[in-house]
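Overview (structure and organization)
Listed below are the residues making up each chain.
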Amino acid sequence: EAIGLYNLGQSCCLNSLLQVFLMNIHFTGILRRIKVPSSPAQRRNNVPYQMLLLLEKMQCGKCKAVGPTDLAYCLSEHRVKLFVQHDAAQLFLTLWNLLKKQMKKPELVEELSDLYTICIQEHLTCQNCSFEIKSNSTILTLPLPVLDANSHRLKTLEECVQYFFHPEELTGQNMCFCQQCERKTTFLQSMKLVHLPQTLTLHLKRFCFERSFHTHKLSHCLPFPQELDFNEVLTENQCQADDSEKATWQYELFAVVAHSGSTSCGHYCAYIRSLTECKWYCFNDSEVCQVSWDDVKCTYGHSSLHWRETAYLLIYMKKHPQ
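What counts, and at which threshold
Residues numbered from 1 in each chain as written. Predicted model: local features only at pLDDT ≥ 70, side-chain atom pairs only at ≥ 80, totals over all residues. Heavy atoms only, no water. Phe/Tyr/Trp six-rings, centres within 6.5 Å; stacked < 30°, edge-to-face > 60°. Helix = DSSP H or I, 4+ residues; strand = E, 2+ residues; numbered from the N terminus. Buried < 20%, exposed > 50% of the residue type's maximum accessible area, 1.4 Å probe, protein only. Pairing = 2+ DSSP bridges. Axes fitted to C-alpha atoms, helices over the stretch in contact; angles between N-to-C directions. Parallel < 35°, antiparallel > 145°, perpendicular 65-115°, else oblique. Left-handed = near helix turned anticlockwise from the far one by under 90°. Contact = heavy atoms within 4.5 Å. Domains from an automatic or database assignment. Buried area = accessible area lost by both parts, 1.4 Å probe. Salt bridge = Lys/Arg side-chain N within 4 Å of Asp/Glu carboxyl O. Polar contact = N/O pair within 3.5 Å; in protein donor to acceptor, adjacent residues only side chain to side chain. Nonpolar A, V, L, I, M, F, W, Y, C, P; charged D, E, K, R; others polar.

This structure, assessed with the given rule, holds 12 aromatic pairs. Measuring from centroid to centroid gives 6.0 Å for Phe230 and Tyr251, while their planes differ by 75°, and the two rings are edge-to-face. Highlighted residues: Phe230 in helix H9 (residues 230-233) and Tyr251 in strand S14 (residues 250-261), separated in sequence by 21 residues. You'll find Phe230 and Tyr251 in the same group, each marked buried.

Okay, structure coming up:
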């Protein structure tokens, strides 16, 4: 059942991310096979084990909400600050890295990586002599800009994805040293998609840093679909994958981590589609209720309502995994 998590004091961000992890049956399938640490001290400080205990506590189903106190204490031992406002994208990376670091079975580490890791290939091409540098890298979230280079608003999620993979010319101070030309020249930088995981996390970069070091939130409307096919969004030149890989690039929306309020005084909640019931729920700390797709669409954003909920992390699941 969908069970809430009590707020321990500015722990709404942690609670929302925990719900997204623990409602993912692919993730909990890995979590249930971890090696239990031998000593009480090791168990207290082991993030995967404490997350497993929390899952079991939630699945007892005797109360509408439980307190993630032991897990929060465990995280504090690993320098995750408590009682402060967190950024959901950064905290997601921190939690995932702690899980990976403390899972002792190599096969589980590999499964965890396969479940969440995106692979992209960066191309740098000299515009003077066509010398090219290729490098592969892995990332856990696809950081999508919601504004283009001219600060114009991107209108849909598909536009944001296309813009991320759009080639960019590196000129002026951004020029690169070319080994063949033996000097700095203008390069064309482009990203190509190599591999997408079972659970795909998209990060909408709604928090904008200005030159005055002031951060403000971009709250404009940005629709996102329930179903997303990367074959229809990206061009052939933006992909570096074979047909069998591309055949798995069809996704269904699984969860939305939404932020309301301002950058200095905000709140997180999570909208999650139960994979067993196919119903949407809103997880707002200890309060959990069933919602409709229209309720989820309320997180698209609105230019004149800066304090309303806006989607910040979008989590998609593969429709047809290999």
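Inspection of the sheet shows strand S3 (residues 118-126) paired to strand S4 (residues 132-139) by eight bridges, in the antiparallel sense. When the bridges of S4 are listed, Leu124 appears paired with Ile133. Hairpin connection between S3 and S4: a loop of five residues separates the two successive antiparallel strands, and Ser130 in this loop has a positive phi of roughly 70°.

Strand order in the open sheet formed by four strands is S4-S3-S9-S6, and the pairing between neighbours is antiparallel. Strand pairing shows two members of the sheet lacking a second neighbour, S4 and strand S6 (168-170), which therefore form its edges. Geometrically, the sheet is characterised by an average inter-axis angle of 30° between neighbouring strands, direction not taken into account. Judged from the three bridges that link them, S6 and strand S9 (residues 187-195) form a sheet pairing that is antiparallel. Counted as the bridge partner of Glu169 is Leu188 from S9.

Turning to the packing of helix H4 (residues 47-59) against helix H5 (residues 69-77), a few remarks are in order. Orientation of H4 relative to H5, taken along the N-to-C sense of each, is 170°, at an axis distance of 9 Å. As judged from the angle between their axes, H4 and H5 are roughly antiparallel. When the axes of H4 and H5 are compared, the crossing they make is left-handed. Seen from H4, the contacting residues are Val47, Gln50, Met51 and Leu54; seen from H5, they are Asp70, Leu71, Cys74 and Leu75.

This paragraph deals with the domain arrangement of the chain. Its domain assignment divides the chain into domain 1 (1-115) and domain 2 (144-164 + 198-321). If you average the C-alpha positions of domain 1 and of domain 2, the two centres end up 22 Å apart. Listed as interface residues are 28 residues of domain 1 and, on the opposing side, 29 residues of domain 2. Among the residues domain 1 hides against domain 2, the three largest losses belong to Val20, Met23 and Gln85. Together they make up 23% of the total. Here domain 1 and domain 2 share one salt bridge between them. Among the salt bridges present, the one from Lys64 reaches Glu287, with a minimum N-O distance of 2.9 Å. Remark: the boundary between domain 1 and domain 2 carries 11 residue pairs in polar contact (both at pLDDT 80 or more). A per-element tally of the side of domain 1 that touches domain 2 places helix H1 (residues 12-22) first, with seven residues. When the residues that make up the side of domain 1 that touches domain 2 are grouped by side-chain class, the tally is 15 nonpolar, 10 polar and three charged.

Relative orientation of the contacting elements H4 and helix H6 (residues 88-102) amounts to 110°, with a least axis distance of 8 Å. The angle between H4 and H6 falls in the class roughly perpendicular. Seen from H4, the contacting residues are Val47, Pro48 and Met51; seen from H6, they are Leu98, Leu99 and Gln102. Here the residues of the contact of H4 with H6 are counted per class, giving five nonpolar, one polar and no charged.

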